[in-house]
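# Remarks on the overall topology
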Amino acid sequence: MSHPEELTQEKAVEIMREQRFVMLSTVLDGKIVSHPMTPMRVEDDASVWFFVGRSGEQGTALQGNPQVNLAFAETGSWLSVAGAAEFVEDRAKVEELWDDQLEAYFPQGADDPDLGLVKVRGESAQYWGIPGPRPVAAAKMLVAKLSGDEGPGVSGKTEL
């Protein structure tokens, strides 16, 4: 994950694209619930495409409250993206983003009636991180902890 001195939309998108998994947090019955997800695509405008089961907990939560948070993380670096989700009815986009490995979750494939195409439009992002590659970041965290020094990290915010 790159280290942004100043977080911009472009840097946030770069960080988002580097991650294979993301935690998608939704609100259901007044409780915040998070699920690991695989982004199908991250657009230049910081929008993220996902496939979600319409009848599952996530689908129900998104239909009731579109406000979400996406959490991207790796050793020493975290990106939190606040946004709004919407179900999109676009057959061409479903076929463009479809991956046959998804059949484990949607047995009827891209035609599964429970398959929901969701676009999360990023509204703002906040980054916390430690400069350098993962092993360097982990070492810096350990040294700071052992020495009692302030952590080696930096943070930044941006509107998307």
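Just above sits the structure.
Scope of this entry: the structure provided in the associated data block.

Here is what the cut-offs are and how they apply
- Residues numbered from 1 in each chain as written.
- Predicted model: local features only at pLDDT ≥ 70, side-chain atom pairs only at ≥ 80, totals over all residues.
- Heavy atoms only, no water.
- Helix = DSSP H or I, 4+ residues; strand = E, 2+ residues; numbered from the N terminus.
- Buried < 20%, exposed > 50% of the residue type's maximum accessible area, 1.4 Å probe, protein only.
- Areas by Shrake-Rupley, 256 points an atom, 1.4 Å probe, with all protein chains shown as cover.
- Arc of directions from axis to C-beta.
- Contact = heavy atoms within 4.5 Å.
- 1 Å grid on protein atoms, 1.4 Å probe; cavity = no way out; pocket = protein on both sides within 12 Å on 5 of 7 lines; lining within 4 Å.
- Points joined across faces, edges and corners; volume = space filled by probe spheres on them.
- Nonpolar A, V, L, I, M, F, W, Y, C, P; charged D, E, K, R; others polar.
- Salt bridge = Lys/Arg side-chain N within 4 Å of Asp/Glu carboxyl O.
- Pairing = 2+ DSSP bridges.

## So, the overall build of the chain
- Looking only at helices and strands, the chain has four helices and eight strands in total.
- Sorting the 160 residues of the chain into buried and exposed places 40% on the buried side.
- For the chain, the exposed area adds up to about 8800 Å²; of that, 50% sits on carbon and sulfur atoms.

## A few points about helix H1 (residues 9–18)
- Among the residues of H1, those classed as buried are Ala12, Val13, Ile15 and Met16. Each buried residue of H1 sits inside an arc of 160° when the element is viewed along its axis, so together they form one side.
- The inward-facing, buried residues of H1 abut strand E3 (41–42), strand E4 (47–53), strand E5 (67–74), strand E6 (77–87) and strand E7 (115–129).

## Here we look at the layout of surface pockets
- Volume-wise, the largest pocket comes out at about 510 Å³.
- As for the largest pocket, its lining consists of 15 residues, and the residues nearest its centre are Met37, Thr38, Phe51, Leu102 and Tyr105.
- Residue assignment for the lining of the largest pocket shows that the elements contributing at least two residues are strand E2 (31–37) and E4.
- Here the lining of the largest pocket is built from residues that sort into nine nonpolar, four polar and two charged.

## Structural notes on the environment of Glu6
- As for its placement among the helices and strands, Glu6 is situated in the segment before H1.
- With relative accessibility at 57%, the residue Glu6 sits in the exposed group.
- As a C-alpha pair, Glu6 and Tyr127 span 121 residues in sequence and 9.4 Å in three-dimensional space.

## A few points about the pattern of salt bridges
- In total, this model carries eight salt bridges according to the counting rule given.
- Ionic pairing is found between Lys93 and Glu96, a salt bridge with its closest N-O pair at 3.6 Å. Of this pair, Lys93 and Glu96 both sit in helix H3 (residues 91–97), separated by three residues, roughly a single helical turn.
- Ionic contacts of the salt-bridge type, sharing partners, join the residues Arg41, Glu43, Lys93 and Glu96 into one network.

## A closer look at the pairing of E5
- Here E5 shows a clear split, with Val68, Leu70, Phe72 and Glu74 buried on one side and none of Gln67, Asn69, Ala71 and Ala73 buried on the other.
- With eight bridges connecting them, E5 and E6 associate as antiparallel partners. Each bridged residue has a counterpart across the sheet, and for Phe72 the counterpart in E6 is Leu79.

## Concerning helix H2 (residues 57–64)
- Within H2 the residues assigned to the buried category are Gln58, Gly59, Ala61 and Leu62. For H2, the arc enclosing every buried residue in end-on projection is 165°, short of the 170-degree limit, so these residues lie on one face. Away from its buried face by more than 90 degrees, H2 exposes Gln63 and Gly64.
- At its buried positions, H2 is contacted by strand E1 (22–28), E2, E4, E5, E6 and E7.

## Re the pairing of E6
- Relative to E7, E6 runs antiparallel, the two being bridged by eleven bridges. Paired with Ala85 across the two strands is Val120, which belongs to E7.

## Some thoughts on unusual backbone geometry
- With a phi close to 55°, Asp29 is a non-glycine residue in the positive phi region.
- Tracing the backbone shows Asp29 in the loop between E1 and E2.
- Judged by its relative accessible area of 74%, Asp29 falls in the exposed class.
- You will see that Ala46, though not glycine, has its phi angle at about 75°, which is positive.
- Relative to the helices and strands, Ala46 is located in the loop between E3 and E4.
- The buried category is assigned to Ala46, whose relative accessible area is 1%.

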